[in-house]
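# Chains, contacts and geometry: an overview
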Amino acid sequence: MLALLSGGSIELDRLNDELCDELCAALHDQARAPSGGEGVMGFEGRNSTGETPFLLVCTSGHVECMQLLAKAGCITAVTNNLGENALMLAARSGVEAAVRAALAAGWCELEARNNDGDTAI
């Protein structure tokens, strides 16, 4: 699962709760495994619309995955091809907890604008 996501092989329409749960399990397993210190730094593969694994889980509103990926070292101040950041995608998910998590963690600029000039608000 981590290899698929890091290579940008997962498209948004294929991300669902089951894949998010698998990702969370893989991240928990990685955190428990002895590490060479690399974590998932560089885990920034992008799919065809420019989503990284972190942005994909923001779009799904899966808070645990969002937090685990951020803790693992994924870049949180990233945008997709449309200029959308984590807060914008979490807001689109319709999951209030995801929006609150993005705001509380400060993962992105509140007044950032996408390519159309829209903010998360």
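Quick look at the structure, then. Bear in mind that the values here come from a model prediction, so they are computed numbers and not experimental data. (Residues numbered from 1 in each chain as written. Predicted model: local features only at pLDDT ≥ 70, side-chain atom pairs only at ≥ 80, totals over all residues. Heavy atoms only, no water.)

### Section: the packing of aromatic side chains
On inspection of all chains with the given rule, the structure shows one aromatic pair. Both rings, one in F54 and one in W107, keep their centres 5.2 Å apart while their planes meet at 90°; by these two values the pair is edge-to-face. With F54 in helix α3 (residues 53–60) and W107 in the segment after α6 (96–105), this pair connects stretches of sequence that are 53 residues apart. One exposure class covers both F54 and W107, and it is buried. (Phe/Tyr/Trp six-rings, centres within 6.5 Å; stacked < 30°, edge-to-face > 60°. Helix = DSSP H or I, 4+ residues; strand = E, 2+ residues; numbered from the N terminus. Buried < 20%, exposed > 50% of the residue type's maximum accessible area, 1.4 Å probe, protein only.)

### Points about the environment of E22
Position of E22 relative to the elements: it lies in helix α2 (residues 17–32). In this structure the C-alpha to C-alpha distance between E22 and C65, which are 43 residues apart in sequence, comes to 9.7 Å.

### Thoughts on the packing of helix α4 (residues 63–72) against α6
The interhelical angle for the contact between α4 and α6, taken along N-to-C directions, is 25°, at an axis separation of 9 Å. By the angle between their directions, the pair α4 and α6 is classed as roughly parallel. Residue-level inspection shows V63, M66 and Q67 of α4 in contact with α6, the latter providing A97, A98, A101 and A102. For the contact of α4 with α6, the residue count by class is six nonpolar, one polar and no charged. (Axes fitted to C-alpha atoms, helices over the stretch in contact; angles between N-to-C directions. Parallel < 35°, antiparallel > 145°, perpendicular 65-115°, else oblique. Contact = heavy atoms within 4.5 Å. Nonpolar A, V, L, I, M, F, W, Y, C, P; charged D, E, K, R; others polar.)

### Observations concerning the side chain of N80
By the secondary structure assignment, N80 is in the loop between α4 and α5 (86–93). Within polar-contact distance, the side chain of N80 engages the side chain of E51 at 2.9 Å. Apart from residues no more than four positions distant in its own chain, N80 is found in contact with R46, T49, G50, E51, L55 and L89. (Polar contact = N/O pair within 3.5 Å; in protein donor to acceptor, adjacent residues only side chain to side chain.)

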